[in-house]
Amino acid sequence: DWSSDVCSNSGVCFSCLLIHHRFVVLILLLTFPSHEQCEEGFLPLHDAVSEGAHHPDTPQIITILLNGFKSAVFVVTDEGFLPIHFAASSGFSAALRTLLSAEFRTIFIRDKLENLLPLDISVHELSETTEEAYEQASQDGELNKRRDQIVS
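Residues numbered from 1 in each chain as written. Predicted model: local features only at pLDDT ≥ 70, side-chain atom pairs only at ≥ 80, totals over all residues. Heavy atoms only, no water.

Visitor: For this particular structure, what's the right way to read the nonpolar core?
Guide: Soluble globular proteins tend to pack their nonpolar side chains together in the buried interior. Counting 25 residues, the largest nonpolar core has Leu45, Val49, Ile62, Leu66, Ala87, Ala95 and Leu99 as the members making the most contacts within it. Elements that contribute at least two residues to this core include exactly α3 (44-51), α4 (58-68), α5 (83-90) and α6 (93-102). Sequence-distant contacts of Ala95, that is, excluding residues within four places in its chain, are made with Val49, Ile62 and Ala87. (Core = buried A, V, L, I, M, F, W, Y, C linked by side-chain atoms within 4.5 Å. Buried < 20%, exposed > 50% of the residue type's maximum accessible area, 1.4 Å probe, protein only. Helix = DSSP H or I, 4+ residues; strand = E, 2+ residues; numbered from the N terminus. Contact = heavy atoms within 4.5 Å.)

As structure tokens, this is what we get:
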């Protein structure tokens, strides 16, 4: 029963949509208002660009959401983020391209929390990911050295 996946706030969370067949997703997207925000100010578009990077149909879903409510690219969550800020944070390049093709001016809008541009957010997330990977590789190297010492 897909109706149990409809959020209590009358909207549809993207993560709820992803567990269903593409046809059901399209029906839900066409029947639920793409302009209805949840308690935190999220639209289905915010959810799609922040959580959909690993799902091949997400760019099409984003396009459908934008066709239903083009101004969604300018809707700010309670934390002060536009959909492009979430896409930049998640490293979801297809979402970034789709959002920028819909409204390029959003590339110049800073978030309200840290006053960062989408590009700043992407660079920050990339540097954090790189640092975490380097730390993990260093830890793995130390463990390998210790294992070699124990074995010999």
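Visitor: Got a minute to help me understand the packing of aromatic side chains in this structure?
Guide: The description of an aromatic ring pair uses the distance of the two centres, along with the angle that the planes make with each other. Here the structure, examined in full by the defined rule, presents 3 aromatic pairs. Residues Phe104 and Phe108 carry aromatic rings whose centres are separated by 6.0 Å and whose planes lie at 75 degrees to one another, so their mutual orientation is edge-to-face. In textbook terms, an aromatic cluster arises when at least three aromatic residues are bridged by ring pairs, as seen for Phe42, Phe81 and Phe86. (Phe/Tyr/Trp six-rings, centres within 6.5 Å; stacked < 30°, edge-to-face > 60°.)

Visitor: Teacher, can you tell me more about α5 here?
Guide: In an α-helix, one turn spans 3.6 residues; hence positions three or four apart end up facing the same way. Of all 8 residues making up α5, 6 are buried, and the element is well covered by its neighbours. Within α5, the full set of buried residues consists of Pro83, Ile84, His85, Phe86, Ala87 and Ala88. Once α5 finishes, Gly91 follows within two positions and takes phi at roughly 70 degrees, a positive value.

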